[in-house]
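Reading the structure
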Amino acid sequence: RKRKKTKFMMNNIFYKKLAKGSFGQCFEAIDILDNGKPVICKINDELEMNETEGHVLKMLEYRGFNNFPKLLSIGVRKKRPYQILERLGHTLEYY
């Protein structure tokens, strides 16, 4: 199935909005610099929330918890805080 590209951001191409919540949005994406590896891009509404969540994900990984997505990148682009996360599998809509 061919997907329509919707947005471009750094090394990732956004394909489809997966979810929108109280604190931001999640997009399905691929990392064009890592052989098209599927990733999730989470765009948060608040910088403090983005940094706190990023810190928690880093600590979970450091302590050996591997059942959470790995934080691949974090930052701010066009005044929007974002996280690039490892994709763990399908969304619940798939099932």
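This text goes with the structure placed above it.
The present account deals with the structure reproduced in this document. (Residues numbered from 1 in each chain as written. Predicted model: local features only at pLDDT ≥ 70, side-chain atom pairs only at ≥ 80, totals over all residues. Heavy atoms only, no water.)

1. A word on the pairing of strand β5 (residues 71-77)
On a regular strand, each side chain points to the face opposite its neighbour's, so the side chains alternate between the two faces of the sheet. Inclusion rule: When DSSP finds two or more bridges between a pair of strands, those strands are recorded as paired. In this description a helix means any DSSP run of H or I spanning at least four residues, a strand means any run of E spanning at least two, and both kinds are numbered starting from the N terminus.
Bridging between β5 and strand β6 (residues 80-86) involves six bridges; their strand directions are antiparallel. By the bridge assignment, I74 is partnered in β6 with Q83. The turn linking β5 back onto β6 is made up of two residues, and K78 within it adopts a positive phi angle of 50°.

2. Things to note about the nonpolar core
Test applied: In plain words, nonpolar cores are sets of buried Ala, Val, Leu, Ile, Met, Phe, Trp, Tyr and Cys residues tied together by side-chain atoms within 4.5 Å. Relative accessibility decides the category of a residue: with a 1.4 Å probe and only protein chains considered, values under 20% of the type maximum give buried, values over 50% give exposed, and everything between is partly exposed.
One finds F14, F27, A29, V39, C41, I43, Y82 and I84 forming the largest nonpolar core, which totals eight residues. Within the residue set of this core, elements represented by two or more residues are β3 (24-31), β4 (37-44) and β6. Ranked by residues supplied to this core, first place goes to β4 with three residues.

3. So, the side chain of N50
Short version of the rule: What makes two residues a contact is simply this: any of their non-hydrogen atoms within 4.5 Å.
Of note, N50 is situated in helix α1 (residues 47-62). Here N50 falls in the buried class, since its relative accessible area comes to 1%. Beyond its immediate chain neighbours, meaning those up to four positions away, N50 contacts N44, I74, G75, P81, Y82 and Q83.

4. Section: α1
This is how the line gets drawn: One less than the residue count of a helix, multiplied by 1.5 Å, gives the span that helix is expected to have. Throughout, the arc means the angular range of directions from the helix axis out to the C-beta atoms.
Between its first and last C-alpha atoms α1 spans 22 Å; for 16 residues at 1.5 Å apiece the expected length is 22 Å, and the two agree. Of the positions making up α1, those classed as buried are N50, G54, L57 and L60. The buried residues of α1 occupy an angular sector of 125° when the element is viewed end-on, so they sit on one face. Summarising the geometry of α1, the exposed residues directed more than 90 degrees from the buried face are E48 and Y62. Along its buried surface, α1 packs onto β4, β5 and β6. Just past α1, the residue G64 takes up positive phi, approximately 90°.

5. Concerning the side chain of E28
We count it as follows: Throughout this description, a polar contact denotes any pair of N or O atoms lying within 3.5 Å of each other; where both atoms belong to protein, one of them has to be capable of donating a hydrogen while the other can accept it, and for residues adjacent in sequence the pair is counted only when both atoms sit in side chains.
As for its position among the elements, E28 is in strand β3. For E28, the side chain forms a polar contact with the side chain of R87, separated by 3.1 Å.

6. Things to note about a nonpolar patch on the surface
Defined as follows: Patch membership requires over 30% relative accessible area and the absence of a salt bridge. Like charges are linked within 9 Å, and nonpolar side chains (Val, Leu, Ile, Met, Phe, Trp, Tyr) within 5 Å. What sets the accessible areas is the Shrake-Rupley method with a 1.4 Å probe; for residues, cover comes only from the shown protein chains. Definition used for salt bridges: Asp or Glu carboxyl oxygen within 4 Å of a side-chain nitrogen of Lys or Arg.
Taken together, the side chains of L92, Y94 and Y95 present a nonpolar region at the surface, about 480 Å² in accessible area. If you trace the backbone, Y94 turns up in the segment after β6.

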